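# Structural characterization, general
In case you want the letters, here they are:
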Amino acid sequence: MQFQSLAEFFNMGGYAFYVWLAYGVTFVSLSLLILVSSMKKRRVLQEIASKVQREERLAQNRSNRS
């Protein structure tokens, strides 16, 4: 598909609303997916770090009792 002008490109042959809406929904959906995934990853890594610290404290307490 060839467009003669920039305005014609943005008009998308009369289907601009649907085309740009589809791009917008896709962009927002992918952005939210990336944001939520990174937040969950950070939370999981924090939980793992706290569990490792807890295990180290327990091991140290066990060795101090012996």
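- Going by an unreviewed UniProt entry, the protein chain carries the name Heme exporter protein D and comes from Shewanella algae.
- Note on the protein chain: under the UniProt heading Function (unreviewed entry), the record states "Required for the export of heme to the periplasm for the biogenesis of c-type cytochromes."
- In the Subcellular location (unreviewed entry) part of its UniProt record, the protein chain is described as follows: "Cell inner membrane".

### Focus on the packing of aromatic side chains
- If you walk through the whole model with that rule in mind, you get 6 aromatic pairs.
- When the centroid spacing of 5.4 Å and the interplanar angle of 80° are considered together, the rings of Phe3 and Phe9 count as edge-to-face.
- When its relative accessible area of 28% is taken as the criterion, Phe3 is described as partly exposed.
- According to the relative accessible area criterion, Phe9 is partly exposed, its value standing at 29%.
- Aromatic pair Trp20 and Tyr23: ring centres 5.5 Å apart, planes at 35°, arrangement tilted.

### With respect to a nonpolar patch on the surface
- A contiguous nonpolar surface patch, about 610 Å² in accessible area, is contributed by Tyr15, Phe17, Tyr18, Leu21 and Val25.
- Relative to the helices and strands, Leu21 resides in helix α2 (residues 16-65).

Here is what the cut-offs are and how they apply
The numbering scheme is per chain: residues are counted from 1 as the chain's sequence reads. Given that this is a predicted model, residues contribute local features only at a pLDDT of at least 70 and side-chain atom pairs are listed and counted only at 80 or more, while totals for whole chains, interfaces and linings are drawn from all residues. Where side-chain values are given, they derive from all heavy atoms of the structure, hydrogens and water being excluded. UniProt positions are given in the numbering used here, feature names are shortened, and annotations may be inferred rather than shown by experiment. Within 6.5 Å between ring centres, the rings of Phe, Tyr and Trp (the latter by its six-membered ring) count as paired, and their orientation is classed by plane angle as stacked under 30 degrees, edge-to-face over 60, tilted in between. Using a 1.4 Å probe on the protein chains alone, a residue whose accessible area is under 20% of its type maximum counts as buried, one over 50% counts as exposed, and one in between counts as partly exposed. Surface patches are drawn from residues lacking salt bridges whose relative accessible area is over 30%; two like charges belong together within 9 Å, two nonpolar side chains (Val, Leu, Ile, Met, Phe, Trp, Tyr) within 5 Å. Surface accessibility follows the Shrake-Rupley procedure with a 1.4 Å probe radius. Residue values consider only the protein chains on display as shielding. Any carboxyl oxygen of Asp or Glu within 4 Å of a side-chain nitrogen of Lys or Arg constitutes a salt bridge here. A run of H or I in DSSP becomes a helix once it reaches four residues, and a run of E becomes a strand once it reaches two; helices and strands are each numbered from the N terminus.

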